[in-house]
Amino acid sequence: MEFSEKNRDAITRLARSSDAQKLMELLQKQSGQVKQAAQQAAAGEGLHGLAEELEEVLAFVRRFIRFDVLEEPVGEVRLCGYGPEELREHSHYPEQYYGQSHFLPHYTDGPALLALNKVRTSVRRTELAAYGAFRGEEGSVTRPDLLLGLNRLSSLLWILMIKRKAGRYERS
């Protein structure tokens, strides 16, 4: 079946709108996961420093939804004191910064770390959905800033996991 150019354009817009809707749902779910699961787990373990950092993550996720809806640029991502280069460096070389190598989460790691991992994987799924939602007709990415922002957010969550595993958060 051959479609006219007008119909192809309408189908493309519909597909993008469907992908964008999935992205919005994932972002909203992510927001709830940060607030409810990870922060409560951190506070429950007496890790108030981690809970405060997650408050900053939550604020970024809420702004992120605005970036998408209003088509605002993300700009330079700076989270919990880390700029773009620090996020990359600290997430790629954790042993150098925290004395903790890369690891796979284990059920014995505790609720806060496991909740962080759940949020991090949700961010990764959102990043993959964003590739579908923000792909141009030739396959080019139309919102590279959103993709980079999601990538940096995932890097931060990995850093928070590493810091937790390395015992860098004091209990209070």
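Per chain, the residues get numbers from 1 upward, laid out in the order the sequence is written. Restriction of local features to residues with pLDDT of at least 70 applies here, the model being predicted, together with a cutoff of 80 or more for giving and counting side-chain atom pairs; totals for whole chains, interfaces and linings are based on all residues. As a rule here, side-chain values cover all heavy atoms of the structure and leave hydrogens and water aside.

Engineer: Just checking my understanding: could you explain the packing of helix α3 (residues 84-92) against helix α6 (residues 144-165) for this structure?
Structural biologist: Between two packed helices, the angle of one axis relative to the other and the distance separating the axes together describe the packing. Think of each axis as a best-fit line through the C-alpha atoms, taken over the contacting stretch in the case of a helix, with angles from 0 to 180 degrees between the N-to-C directions. Only DSSP runs of H or I with at least four residues qualify as helices, and only runs of E with at least two residues qualify as strands; both kinds are numbered from the N terminus onward. In contact at an axis separation of 9 Å, α3 and α6 are set at 50° when each is read in the N-to-C sense. It follows that α3 is oblique to α6 by the angle criterion. Taken as a pair, α3 and α6 cross one another with a handedness that is left-handed. Touching P84, E86, L87, H90 and S91 of α3 are R152, S155, L156, W158 and I159, all from α6. In the scheme used here, Gly and all other residues not listed as nonpolar or charged are polar, with Ala, Val, Leu, Ile, Met, Phe, Trp, Tyr, Cys and Pro taken as nonpolar and Asp, Glu, Lys and Arg as charged. When the residues that make up the contact of α3 with α6 are grouped by side-chain class, the tally is five nonpolar, three polar and two charged. These descriptions rest on fixed angle ranges, namely under 35 degrees for roughly parallel, over 145 for roughly antiparallel, 65 to 115 for roughly perpendicular, and the rest for oblique. The crossing is said to be left-handed when, going from far helix to near helix, the turn is anticlockwise and less than a right angle, and right-handed when the turn is clockwise. Contacts: residue pairs with any heavy atoms within 4.5 Å of one another.

Engineer: Would you mind going over the packing of aromatic side chains with me for this structure?
Structural biologist: The geometry of an aromatic ring pair is captured by two quantities: the separation of the ring centres and the angle between the planes. A pair of aromatic rings is counted whenever rings of Phe, Tyr or Trp (Trp by its six-membered ring) have centres within 6.5 Å, and the orientation is called stacked for planes under 30 degrees apart, edge-to-face for over 60 and tilted otherwise. Within this structure, the stated rule accounts for four aromatic pairs. Arranged with centres 6.4 Å apart and planes meeting at 50°, the rings of Y97 and Y98 form a pair that is tilted. The classification of residues rests on relative accessible area computed with a 1.4 Å probe and restricted to protein chains. Under 20% of the type maximum is buried, over 50% is exposed, and intermediate values are partly exposed. Owing to a relative accessible area of 8%, Y98 belongs among the buried residues under this scheme. Every member of this aromatic cluster is reached through a ring pair, and the members are F60, F64 and F67. The ring of F103 carries the charged tip of K165 above its face, separated from the ring centre by 5.2 Å. Only when the NZ of Lys or the CZ of Arg is both within 6 Å of the ring centre and within 35 degrees of the ring normal is a charge said to sit over the ring.

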